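Commentary on secondary and tertiary structure
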Amino acid sequence: MNAPDSQSNSTASTVTIDLQSRSYNIAIAGALLDNPLTYSELPGSSSALIVTNTTVAPLYAKRLQTALQGKYPNIHTVILPDGEEFKTWQTLNLIFDALLKNACDRKTVLFALGGGVVGDMTGFAAASYMRGVPFVQVPTTLLAQVDSSVGGKTGINHPAGKNMIGAFYQPLKVVCDLDTLKTLPQRELSAGLAEVIKYGPIADLDFLAWIETNIDALMAREPAALAHAVKRSCEIKAWVVGQDERESGLRAILNFGHTFGHAIEAGLGYGQWLHGEAVGCGMVMAAHLSHRLGLVDDVFVRRLTTLIRKAGLPVTGPYLSKADNAGRYLELMRVDKKAEGGEIRFVVIDGPAKAAMRSAPDALVREVIDLCCT
């Protein structure tokens, strides 16, 4: 299941999400955030609301506001607390409070300036306020640029499950300013690489080989390597989302590693592990499950595990329960959105660049969890 090959160079790029009347572009380059031309094709309005967080606001909020001043007479800003643990109803209400306090109308454009948490919550607020207002993604983390800002998934967490409350709602545009990755903490960079790595096994083995060759360059933030990684990741996601916007089939392959990963996040408490760290470890677990199901050989498992480790990500799962660790994982995974009738559905690798949804006996899953959490 190979995605279309990349055709253009890895410097200034545009990737299109083809959803007919709701199609939009992903702009990928440096020096985009400050440039008013970046936003020139967006609809005008009397107001705009920048949603950001306490970490990103001091770095980029004023710069984005300056770039938007010629287009929007009134620009408001709401600053959210930073962290996955704040992806809640209470924090979401801060966005609604700002919209109502400033008498924002249906033409008000929301700008999500930050990582995946900011993007998901801003999109959910945009989908809900007055039953839908426009919004733009301005992701400032690698994970958000290659995954969460693209495709229209929005939402918040529930204590029992990650991203269980939300909506599909597409942005008007995604602005990936590669220069923002220069201020990213190394741990966050590694977390983003987990989402980059996942595209190889599920869709493009040539890309997987490229990541293996360039992992040191990516860890060192070499601009050309990061530009290609973001572009190719967005191309693959655009190809998948264009065929299955609402995850009724093909799009589920983008959740490789996420069933185990979401259990780790919920079981430890949101924010203890970064999302990408949980996904990285989850991919190792999903690879072992694929092997136990007879779908891949142990060479593939070792290859993927080695790459994930080189990306600075954990490859050993945490203990979620002293009494019955595997049982706790299974309990949490039954709340996963892909579960059907209480049966857990896993994204597994079913051949070269081919992912599939499969169920597995609890006993086999327990074996994988016990192996990966030693």
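Everything below is about the structure shown above.
Residues numbered from 1 in each chain as written. Predicted model: local features only at pLDDT ≥ 70, side-chain atom pairs only at ≥ 80, totals over all residues. Heavy atoms only, no water.

**What about the overall build of the chain?**
- Along its length, the chain carries twelve helices and eleven strands.
- Computed over C-alpha atoms, the radius of gyration of the chain comes to 20 Å, within 12% of the 21 Å expected from 2.2 N^0.38 for 374 residues, which places it in the range of a compact globule.
- Its C-alpha atoms give the chain principal-axis dimensions of roughly 60 × 45 × 35 Å.
- Counting over 374 residues, the chain shows a buried share of 59%.
- Look at the contacts in the chain between residues 6 or more apart in sequence, and 76% of them connect residues 24 or more apart.
- Approximately 14600 Å² of the chain is accessible, and the part contributed by carbon and sulfur atoms is 52%.
- Side chains of the chain carry 35 positive and 37 negative charges; the gap between the two charge centres is 4 Å. (Helix = DSSP H or I, 4+ residues; strand = E, 2+ residues; numbered from the N terminus. Rg over C-alpha atoms; globule rule 2.2 N^0.38 Å. Buried < 20%, exposed > 50% of the residue type's maximum accessible area, 1.4 Å probe, protein only. Contact = heavy atoms within 4.5 Å. Areas by Shrake-Rupley, 256 points an atom, 1.4 Å probe, with all protein chains shown as cover. Lys, Arg positive; Asp, Glu negative; His and termini not counted. Charge placed at Lys NZ, Arg CZ, Asp CG, Glu CD.)

**Topic: the packing of helix 5 (residues 186-203) against helix 7 (residues 223-243)**
- With their axes 10 Å apart at the nearest point, helix 5 and helix 7 run at an angle of 50° to one another. The angle between helix 5 and helix 7 falls in the class oblique. Judged by the sense of rotation from one axis to the other, the crossing of helix 5 with helix 7 is left-handed. Contacts between helix 5 and helix 7 involve Leu189, Val196, Tyr199 and Ala203 on the former and, on the latter, Leu226, Ala229, Ser233, Ile236, Lys237 and Trp239. (Axes fitted to C-alpha atoms, helices over the stretch in contact; angles between N-to-C directions. Parallel < 35°, antiparallel > 145°, perpendicular 65-115°, else oblique. Left-handed = near helix turned anticlockwise from the far one by under 90°.)

**Looking at the pairing of strand 7 (residues 153-158)**
- In this structure, strand 7 lies alongside strand 8 (residues 161-168), joined through five bridges in antiparallel fashion. Residue pairing for strand 8: Gly155 is matched across the bridge by Gly166.
- Where strand 7 folds back onto strand 8 in an antiparallel hairpin, the turn is made up of two residues. (Pairing = 2+ DSSP bridges.)

**Regarding the side chain of Ser233**
- As for its placement among the helices and strands, Ser233 is situated in helix 7.
- Only 2.7 Å separates the side chain of Ser233 from the backbone oxygen of Ala229, close enough to count as a polar contact. (Polar contact = N/O pair within 3.5 Å; in protein donor to acceptor, adjacent residues only side chain to side chain.)

**Here's the deal with the environment of Ile79**
- Relative to the elements of secondary structure, Ile79 occurs in strand 4 (residues 74-80).
- The sequence separation of Ile79 and Val118 amounts to 39 residues, and the corresponding C-alpha distance is 9.7 Å.
- Filtering out sequence-adjacent residues up to four positions away, Ile79 remains in contact with Thr52, Asn53, Thr54 and Ala57.

**Observations regarding the nonpolar core**
- Ranked by size, the top nonpolar core spans 85 residues in total, and within it Phe260, Met285 and Met333 carry the most contacts.
- Take this core: its biggest share by element is ten residues, from helix 7.
- If we skip the residues at most four places from it in the chain, Met285 touches Phe260, Ile264, Tyr329, Val368, Ile369, Cys372 and Cys373.
- Core analysis: the second largest hydrophobic core is formed by 23 residues, Leu68, Phe111, Leu113 and Val175 among them. (Core = buried A, V, L, I, M, F, W, Y, C linked by side-chain atoms within 4.5 Å.)

**Quick notes on the packing of helix 6 (residues 205-219) against helix 10 (residues 298-310)**
- As a packed pair, helix 6 and helix 10 sit with axes 10 Å apart at the nearest point and diverge in direction by 30°. Here helix 6 lies roughly parallel to helix 10, going by the angle between them. Taken as a pair, helix 6 and helix 10 cross one another with a handedness that is left-handed. For the pair helix 6 and helix 10, contact is made by Leu205, Leu208, Ala209, Ile211, Glu212, Ile215 and Met219 and by Arg303, Leu307 and Lys310, respectively.

**Considerations on the pairing of strand 11 (residues 355-358)**
- The pairing of strand 10 (residues 346-349) with strand 11 spans four bridges and is antiparallel. From the neighbouring strand, Val347 faces strand 11, where its bridge partner is Met357.
- Hairpin geometry of strand 10 and strand 11 is characterised by an intervening segment of five residues between the two adjacent antiparallel strands and by a positive phi of about 120° at Gly351.

**Regarding the state of the cysteines**
- Enumeration over the complete set of coordinates arrives at zero disulfides.
- The cysteine Cys176 is free of any disulfide, with Cys234 supplying the nearest cysteine sulfur at 4.9 Å.
- Classification of Cys176 by relative accessible area gives buried; the value is 0%.
- Note on Cys373: no disulfide assigned, nearest cysteine sulfur contributed by Cys372 at a separation of 6.6 Å. (Disulfide = S-S within 2.5 Å.)

**With respect to the environment of Gly155**
- Mapped onto the elements of the fold, Gly155 is located in strand 7.
- Given the relative accessible area of 0%, Gly155 is considered buried.
- Among all residues touching Gly155, those that are not within four sequence positions of it are Lys87, Asp120, Met121, Phe124, Ile165 and Gly166.

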